[in-house]
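# Coordinates in review
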Amino acid sequence: MEGCSKTGEQACPQLLDLMAKERREWRVMRDGEASSSEEKKLELRLGPPGGEDKRWSLKDSTNRERDAHHHQYLLSLGYFSSTNNSNNNGFSFLHHHSSRSLPVMAKESSQPCCTKVADLQSPAEKKAFLSSAPAKNTAVPNSSQKRTAPAPVVGWPPIRSFRKNLAGASASKLPASESPNDVPSKTVNEKPAHEPGRKNPFVKINMDGVPIGRKVDLNAYDSYEKLSAAVDELFRGLLAAQRDSSAGGIVNKQEEEKAITGVLDGSGEYTLVYEDNEGDRMLVGDVPWHMFVSTVKRLRLLKSSEVSALSREKCKTRYWLD
Amino acid sequence: MRQDLTVQQMSEDDDRSPPLDLRCGAAPSINRARNCSGEAVSGSGSSTSSSIPASVPVTVTEYQSQYPDQVLEIVLENVLQFLTSRRDRNAASLVCKSWWRAEALTRSELFIGNCYAVSPDRARGRFRRVRSVVLKGKPRFADFNLMPPDWGAHFGPWVCVLANAYPWLEKVYLKRMSITDDDLALLAESFSGFKELTLVCCEGFGTCGLAFIASKCRQLRVLDLIETEVTDDEVDWISLFPEGETCLESLIFDCVDCAINFEALEKLVARSPFLRKLRLNRHVSIRQLYRLMVRAPQLTHLGTGKYGPSEVAQRQGDTEPDYIAAFAACKSLVCLSGFREITPDYLSAIYPVCANLTSLNFSYATITADQLKPVICNCHKLQIFWVGVPCVIDYQCFEEIWVLKLILAVIMQALDSICDEGLQAVAATCKELRELRVFPMNAQEDVEGPVSEVGLQAISEGCRKLQSILYFCQRMTNAAVIAMSSNCLELEVFRLCIMGRHRPDHATGEPMDEGFGAIVRNCRKLTRLAVSGLLTDRAFGYIGKYGKLIRTLSVAFAGDSDMGLKYVLEGCPKLQKLEIRDSPFGDAALRSGLHHYYNMRFLWMSSCRLTRQGCQEIAQAMPRLVVEVIRSDDEEETDNYVETLYMYRSLEGPRHDAPKFVTILR
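Residues numbered from 1 in each chain as written. Chains lettered and ligands numbered in written order. Predicted model: local features only at pLDDT ≥ 70, side-chain atom pairs only at ≥ 80, totals over all residues. Heavy atoms only, no water.

### Here we look at the overall build of chain B
- Looking only at helices and strands, one finds 23 helices and 23 strands in chain B.
- Sorting the 666 residues of chain B into buried and exposed places 58% on the buried side.
- For chain B, restricting intrachain contacts to residue pairs at least 6 apart in sequence, the fraction spanning at least 24 positions comes to 73%.
- Surface exposure of chain B reaches about 25,800 Å², of which carbon and sulfur atoms provide 53%. (Helix = DSSP H or I, 4+ residues; strand = E, 2+ residues; numbered from the N terminus. Buried < 20%, exposed > 50% of the residue type's maximum accessible area, 1.4 Å probe, protein only. Contact = heavy atoms within 4.5 Å. Areas by Shrake-Rupley, 256 points an atom, 1.4 Å probe, with all protein chains shown as cover.)

Here you go:
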């Protein structure tokens, strides 16, 4: 940690600095250090511990999640250096042990983190840092420190998928519900073969004013944004063709292929709605993605002006007759 | 070997027993003797429904002069009829050969804790008159995706044999078995007097299978589907129950996540006068629930479906039915569950029944402590309480703004008290509480959980009769666990899950060794224990030293070295089920249990430090143990360490239906 050693006594709490500029320096350190393969496994990495382990299956994580882990590990490294025993977990202000973290920060401020950082390369601390990894990769003396926010592990906490799915269902109604980006971490815990996914992934989608319906494979997408983009691709040409034909067949190059946007938030000309397995019509985008995938039966692009009229009338059958 | 299953050391009295062919001939007369001797015997079977005529006179004296043992046998069989506990029966069967025979003839409830420990044919060969079968398949960790699908535990081979061997079979209870629609079809067709089907944590079939059961089992009393996956084949199974009055006493289908034909359900309930237990799925709205309750005020166990209106109802603007009156009319209601997708406004409808409730399951209901308290304050008789605790804020989204996160963390600490408050209300009112389960609604590790050691402490002080607790939390202290150990001396099941891995005591920073140590030391009746949090070998030392009655132990992310596992294997003589994950136990520890593995139902170790050679040694040393090494995918193992070891005693040797990712070592 070049920056730290230069400043010597500088207080550790310059964590904002750590976060911002030390990222690169950590990288440098990593590339230079690895010698034996064992050390390679134990060396500091910018990722969750035991990253090569298949179980961690980070392939599915979004970039956002990677960054999250980035921050958390960087910050925890800062504190690892300054505390020697497991007893003080106040370092992890990313933890919720909030009231302790402030005084701890103050306490550590006088200690130089740089020298301890060198210690991080020592086996004991290395093991400590990676103590969350599956034990087969490291020797794990559990009495040492623990890192902060861990990557999700299969089957932990030990709750059956029944309860998890329901948590998703009810959580979507809570005010501070998870963003769809949290779904990747949840799916690690889902049954691989019995995902609440669909038997038949193809869902019909119709657009107001376009007589030809299409089909989309929901398994090909993992977020509403992607679905929205796909919808745009599917119907853009058709819509343009429709407009052309209604305009008497005059092909107007400038007007052709206007993008279909704003289908999720009501800002566009069209809004995406869907019919779920209970027959209710819902706006697309309210529930977590995987829940949506498992309950959606049909999709429709309505003119946004008609959406509010629909919610008043709730006359479902008329719209699904075709 | 003391527990060698095949060679039962028993005294032979063959010189006094009659030849084999006469033995078989004598059997019917023993039957007749039994029937003549009296009324229907209770005990372990329901022989009341058998149609063996009781009118044939028996000449006991004729047999008596030639074979004095016959009388003894008859007496024995009559006496053994009253033995219901399978452990007692197992003990009785070891006395001598004639006791073994008599017990085998009179056992009517067959319990098989591991479907691979014995083959269907062997079971059928020994027990001839079975009315009820309990079969358990996969190990519990399979519920948490630690085992790839299609591992096994197929009901198919069993149902084929049962269909041929036990035409009078009445009850089947399956747990963690893999069942197909065809299996259910065969079951429905083979047993004319079939009465009870209970499926817990099973999978592999759909509503087609249910349709077979509903339509063909005319004597069906119990159809209970608990936490079982049922695929939606879009079959209207509810309307396939027979016309006319049914024998239905229990219909539990809350886990069947398919729409149902409500009109058919309503008619079914109306023509089921014996119905006592009804648990609906979330496709039944509260309005529909009302209609059912009105038709079945005799219910004792009710699982509401979606405890809120469907959208259609809202639109109609009809007057709301009098839910309070409906609940009040159910004077026998003692068990309430469901409350999925709850609209809390309707919660007050259950107030009339609270005073009688002995069991309440709110684990699917997202309600606040303030909504819970008025309900709980009336539940003075409550013995079983399950609750789900929502986690209010997910501050993953704030990781960039660490200052804000700090502030939030401070606030959260204040908010923590909110749900501990709910538990405090429970502690204050429910003095009869025997079983408590606290589940997290948002099962993530780093979200602040609103229950903590405060809730546990309160419960321990208020609910002194507590026997079983399952408690999920984010943080815990040794002090609270020690308090529970000294207050709740009746504890038999203690399962604490500190969801953050390796979390120490958050007040002192120490490992959780002392807390769990106190539990095993003070709770003299403890038979089941699940540990979590930061634990050293010391904790396992305590378990080995004091946990003499422990039968089931669950360990995750705990321990320092092989010594931990050694302490347990050497110290706990009653240990039957041991499941371990992600703990640093290796081959040496595994070896230390060789003296005990035949006494156990199974050992599961995943992501530990076992090598293939180590497991091989065990397999070679113990021929009656099936040692399975399970990989998570089809690739060959690259690491030296075994991913999952699952081993169990068996009379049959390696099973023939093992999938590719399972290697059975020999």
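### Topic: the overall build of chain A
- Each helix and strand counted, chain A has 13 helices and 5 strands in total.
- Long-range contacts, defined as pairs at least 24 residues apart, comprise 63% of the intrachain contacts of chain A with a sequence gap of at least 6.

### Remarks on the packing of aromatic side chains
- Applying the stated criterion across every chain yields a total of 24 aromatic pairs over all chains.
- Note that arginine 163 of chain A overlies the ring of tyrosine 364 of chain B, its terminal NZ or CZ placed 4.7 Å from the centroid.
- The ring of tryptophan 151 of chain B is capped by arginine 655 of chain B, whose NZ or CZ atom sits 4.3 Å from the centre of that ring. (Phe/Tyr/Trp six-rings, centres within 6.5 Å; stacked < 30°, edge-to-face > 60°. Lys NZ or Arg CZ within 6 Å of the ring centre and 35° of its normal.)

### A word on the packing of helix H19 (residues 513–522) of chain B against helix H20 (residues 537–546) of chain B
Residue and element names in this part refer to chain B.
- Following both chains from N to C, one finds H19 and H20 inclined at 5°, their axes separated by 8 Å at the closest point. Looking at the two axes, H19 sits roughly parallel to H20. Within the contact between the two elements, H19 uses Asp513, Glu514, Gly517, Val520 and Arg521 and H20 uses Arg538, Ala539, Tyr542, Ile543 and Tyr546.
- Counted by class, the contact of H19 with H20 contains 5 nonpolar, 1 polar and 4 charged residues. (Axes fitted to C-alpha atoms, helices over the stretch in contact; angles between N-to-C directions. Parallel < 35°, antiparallel > 145°, perpendicular 65-115°, else oblique. Nonpolar A, V, L, I, M, F, W, Y, C, P; charged D, E, K, R; others polar.)

### Digging into unusual backbone geometry
- Omega for the bond connecting tryptophan 156 of chain A with proline 157 of chain A falls within 30 degrees of zero, at -5°, which places this linkage in the cis form.
- With respect to the helices and strands, the residue proline 157 of chain A is situated in the loop between helix H7 (123–129) and helix H8 (161–171).
- One non-glycine residue, glutamate 227 of chain B, lies in the positive phi region at around 50°.
- On the accessibility criterion, glutamate 227 of chain B (18% relative accessible area) is buried.

### Observations concerning the pairing of strand S4 (residues 196–200) of chain B
All names here are of chain B.
- A large share of S4 lies buried, amounting to 4 of its 5 residues.
- In terms of strand pairing, strand S3 (residues 171–175) meets S4 through 5 bridges, oriented parallel. Residue pairing in the sheet places lysine 175 in a bridge with valine 200 of S4.
- At this point the chain moves from S3, through helix H8 (residues 181–190), to the parallel S4, and the crossover so formed is right-handed.
- Pairing of S4 with strand S6 (residues 222–226) involves 5 bridges; the strand directions are parallel. When the sheet's bridge partners are listed, leucine 197 is paired in S6 with leucine 223. (Pairing = 2+ DSSP bridges. Right-handed = clockwise from strand over helix to strand, strands pointing away.)

### Some points on the packing of H20 of chain B against helix H21 (residues 562–571) of chain B
Residue and element names in this part refer to chain B.
- Where H20 contacts H21, the axes come no closer than 8 Å and their chain directions differ by 5°. Regarding the angle of H20 to H21, the classification is roughly parallel. Residue-level inspection shows Asp537, Phe540, Gly541, Ile543 and Gly544 of H20 in contact with H21, the latter providing Met563, Gly564, Tyr567, Val568 and Gly571.
- Looking at the contact of H20 with H21 residue by residue, the classes come out as 5 nonpolar, 4 polar and 1 charged.

### Some details on the pattern of salt bridges
- Within this structure, the stated rule accounts for 37 salt bridges over all chains.
- The closest approach of N and O atoms between lysine 373 of chain B and glutamate 421 of chain B, which form a salt bridge, is 2.9 Å. Taken together, the residues span a long stretch of sequence, with lysine 373 of chain B in helix H15 (residues 369–376) and glutamate 421 of chain B in helix H16 (residues 402–429) at a distance of 48 residues.
- In this structure lysine 373 of chain B comes out as partly exposed when scored by relative accessible area, which is 24%.
- A salt bridge links arginine 437 of chain B to glutamate 435 of chain B, with the nearest nitrogen and oxygen atoms 3.1 Å apart. In this structure, arginine 437 of chain B and glutamate 435 of chain B share a single accessibility class: buried.
- It is possible to trace a salt-bridge network through shared partners that takes in Glu278 of chain A together with Asp257, Arg282, Lys306 and Glu341 of chain B. (Salt bridge = Lys/Arg side-chain N within 4 Å of Asp/Glu carboxyl O.)

### A look at the side chain of glutamate 266 of chain B
- Within the fold, glutamate 266 of chain B resides in helix H10 (residues 262–270).
- Setting aside anything within four residues of it in sequence, one finds glutamate 266 of chain B in contact with Arg291, Leu292 and Arg295 of chain B.

### Topic: helix H11 (residues 286–295) of chain B
Residue and element names in this part refer to chain B.
- Listing the buried residues of H11 in full gives Ile286, Leu289, Leu292 and Met293. Relative to the axis of H11, the buried residues are bounded by an arc of 110° and lie together on one face.
- For H11, the elements touching its buried residues are H10, strand S9 (277–279), strand S10 (301–303) and helix H13 (323–329). (Arc of directions from axis to C-beta.)

### What about the environment of leucine 289 of chain B?
Residues and elements named next belong to chain B.
- Within the secondary structure layout, leucine 289 lies in helix H11.
- For leucine 289, a relative accessible area of 2% gives the class buried.
- For the pair leucine 289 and glycine 303, spaced 14 residues apart in the sequence, the C-alpha separation amounts to 9.5 Å.
- Not counting residues within four places of it along the chain, the set of residues in contact with leucine 289 comprises Leu280, Val284, Leu302, Thr304 and Tyr307.

### A few points about helix H18 (residues 478–487) of chain B
- H18 of chain B sits mainly inside the fold: 7 of its 10 residues count as buried.
- Restricting attention to buried positions, one finds in H18 of chain B the residues Asn478, Ala480, Val481, Ala483, Met484, Ser485 and Asn487 of chain B.

### Looking at the confidence of the model for chain A
All names here are of chain A.
- For chain A, mean pLDDT is 55; residues scoring 70 or higher make up 30% of the total.
- The least confident element of chain A is helix H9 (residues 183–187), whose mean pLDDT is 34; the most confident is strand S3 (residues 270–276), at 87.
- Here residues 167–198 scores under 50 on pLDDT; set against residues more than four positions off or in separate chains, the count is 66 contacts.
- Note that pLDDT drops below 50 for residues 249–253; the model gives that stretch 3 contacts with residues more than four away or on any other chain. (pLDDT = per-residue confidence, 0-100.)

### Considerations on the environment of valine 203 of chain A
Residues and elements named next belong to chain A.
- For valine 203, the location among the structural elements is in strand S1 (residues 202–207).
- Relative accessible area serves as the criterion here: at 0%, valine 203 is assigned to the buried category.
- Here the alpha-carbon distance between valine 203 and leucine 218, two residues 15 residues apart in the chain, equals 7.2 Å.

### A short note on the environment of serine 108 of chain B
Residues and elements named next belong to chain B.
- Examined against the element boundaries, serine 108 turns out to sit in the loop between helix H5 (97–106) and strand S1 (109–112).
- Residue serine 108 is classed as buried on the basis of its relative accessible area, which comes to 5%.
- Note: C-alpha distance between serine 108 and leucine 169 (61 residues apart in sequence) is 9.2 Å.

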